[in-house]
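The chain contents come next:
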Amino acid sequence: MRDNLSETSVDANPLQQFRTWFYETKESGGVDEVNAMTLSTIDSEGFPRGRVVLLKKYDEFGFYFYTNYNSEKGKSIDANGKVSLSFFWPNMERQVIVKGVAKRTSVEDATNYFHSRPKGSQLGALVSDQSSVISNREILEKRLMELEIEYTNKEIPKPEHWGGYLVSPISFEFWQGRPNRLHDRISYNLVDSDWLIERLQP
Ligand SMILES: Cc1cc2nc3c(=O)[nH]c(=O)nc-3n(C[C@H](O)[C@H](O)[C@H](O)COP(=O)(O)O)c2cc1C
């Protein structure tokens, strides 16, 4: 009941269509973290794994997020860059699914973003060997306290294994809830550098 989507009225460029939906959802005030997205990767055994990460930026090249390169997702992406991103904005009755290829961003990009984060988040990145097992929480809290003292008046260095990925999209699906389950689904597929726009059955 919120809106509709038509293959003739959507933007010819899916990133522009995403920009419109992202903006409208943000303006609606009905979603706490509009930029929370499920990143799905394929592990070395061929199993998919989805987890939420935050979209930090998007532009004509694609979607950017930041993480620990040694994490489960980092290892999966470095072996197989084919990933999916999905957004669900319940109040708008909208879903967006993106398929694309993830590549590390430059060290400069990662360093700039790292230093724009609150000091606590920077130290947290230093403390955590993300996705590896630890015997208890106290070890992490102790490490954090030690680092807080060590870096009281010093710039915190970006860990080498921390940085960004850019997901360059090859396909999109925009889903708009409609009455009687006749939802609108518009797909975009990159064909010879052009976006082919088609309607999918709900
Ligand atoms: C709302 C939300 C936002 C998150 N944002 C990030 C993020 O931007 N980067 C990140 O590495 N993990 C983020 N996480 C944690 C991940 O979901 C995940 O637990 C972590 O990255 C380890 O995943 P992995 O072991 O599959 O690599 C977020 C979790 C939630 C619930």
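Our subject is the structure listed above.
Everything numeric here is computed off the predicted structure, so don't read it as measured data. (Residues numbered from 1 in each chain as written. Predicted model: local features only at pLDDT ≥ 70, side-chain atom pairs only at ≥ 80, totals over all residues. Heavy atoms only, no water.)

S.K.: Which residues make up the environment of arginine 49, and what values go with them?
M.R.: Inspection of the secondary structure assignment puts arginine 49 in strand E2 (residues 48-54). Taking the C-alpha atoms as reference, arginine 49 lies 9.4 Å from glutamate 72; in sequence the two are 23 residues apart. Apart from the residues within four sequence positions on either side, arginine 49 is in contact with Leu39, Ser40, Thr41 and Glu72. (Helix = DSSP H or I, 4+ residues; strand = E, 2+ residues; numbered from the N terminus. Contact = heavy atoms within 4.5 Å.)

S.K.: Give a description of the packing of helix H4 (residues 119-127) against helix H5 (residues 137-150) that names residues and reports values.
M.R.: Relative to each other, H4 and H5 sit at 125°, their axes nearing to 10 Å. By the angle class used here, H4 and H5 are oblique. Taken as a pair, H4 and H5 cross one another with a handedness that is right-handed. The segment H4 lies against H5, with Leu123, Gly124, Leu126 and Val127 engaging Leu140, Arg143, Leu144, Leu147 and Glu148. In the contact of H4 with H5, the residues fall into 6 nonpolar, 1 polar and 2 charged. (Axes fitted to C-alpha atoms, helices over the stretch in contact; angles between N-to-C directions. Parallel < 35°, antiparallel > 145°, perpendicular 65-115°, else oblique. Left-handed = near helix turned anticlockwise from the far one by under 90°. Nonpolar A, V, L, I, M, F, W, Y, C, P; charged D, E, K, R; others polar.)

S.K.: Tell me about the site of the ligand, and please be specific about residues and values.
M.R.: Surrounding the ligand, one finds 13 residues, the nearest of these being Arg51, Val52, Thr67, Lys73 and Ser131. Between threonine 67 and the ligand, the recorded distance is 2.6 Å, taken from a side-chain N or O atom to an oxygen atom. Between the ligand and lysine 73 there is a distance of 2.6 Å, counted from an oxygen atom to a side-chain nitrogen or oxygen. Protein chains bury 67% of the 620 Å² of accessible surface belonging to the ligand in isolation. With respect to the pocket detection grid, the ligand is positioned in the largest pocket. The set of elements that each furnish at least two residues to the shell around the ligand consists of E2, strand E4 (62-68) and helix H2 (72-79). Broken down by element, the shell around the ligand gets its largest block of residues, 5 residues, from E2. When grouped by side-chain class, the residues that make up the shell around the ligand number 4 nonpolar, 4 polar and 5 charged. (Near = heavy atom within 4 Å. Polar contact = N/O pair within 3.5 Å; in protein donor to acceptor, adjacent residues only side chain to side chain. Areas by Shrake-Rupley, 256 points an atom, 1.4 Å probe, with all protein chains shown as cover. 1 Å grid on protein atoms, 1.4 Å probe; cavity = no way out; pocket = protein on both sides within 12 Å on 5 of 7 lines; lining within 4 Å. Sits in = over half its atoms within 2 Å of the grid points.)

S.K.: Give a detailed account of unusual backbone geometry, specifying residues and quantitative values.
M.R.: Glycine aside, the phi torsion of most residues is negative, and most peptide linkages are trans. In this structure, serine 131 takes a positive phi of about 85° despite not being glycine. When you line up the elements, serine 131 lands in the loop between H4 and H5. Positive phi, close to 50°, is recorded for aspartate 192, a residue that is not glycine. In this fold, aspartate 192 is placed in the loop between strand E8 (184-191) and strand E9 (194-200).

S.K.: Run through the environment of alanine 79, naming residues and quoting values.
M.R.: Along the chain, the position of alanine 79 falls in helix H2. Separated by 41 residues in sequence, alanine 79 and threonine 38 place their C-alpha atoms 19 Å apart.

S.K.: Can you lay out the layout of surface pockets for me, pointing to particular residues and giving the numbers?
M.R.: Each pocket or cavity is described by its volume, and for the largest pocket that value is around 390 Å³. Tyr66, Thr67, Asn68, Lys73 and Gln130 are the residues nearest the centre of the largest pocket, which is lined by 21 residues in total. Mapped onto the lining of the largest pocket, the elements with two or more residues apiece are E2, E4, H2 and H4. It is E2 that contributes the most residues to the lining of the largest pocket, 5 residues altogether. (Points joined across faces, edges and corners; volume = space filled by probe spheres on them.)

S.K.: Lay out the nonpolar core with the relevant residues and their values.
M.R.: If you look at the biggest cluster of nonpolar residues, it comprises 31 residues, and the most contacted ones within it are Phe18, Phe63, Trp89 and Val96. Counting residues per element, the ones that place at least two in this core are helix H1 (14-28), strand E1 (36-42), E4, strand E5 (82-89), strand E6 (94-104), strand E7 (162-176) and E8. Tyr66, Phe114, Val127 and Trp162 belong to the second-largest nonpolar core, a separate cluster that totals 12 residues. (Core = buried A, V, L, I, M, F, W, Y, C linked by side-chain atoms within 4.5 Å. Buried < 20%, exposed > 50% of the residue type's maximum accessible area, 1.4 Å probe, protein only.)

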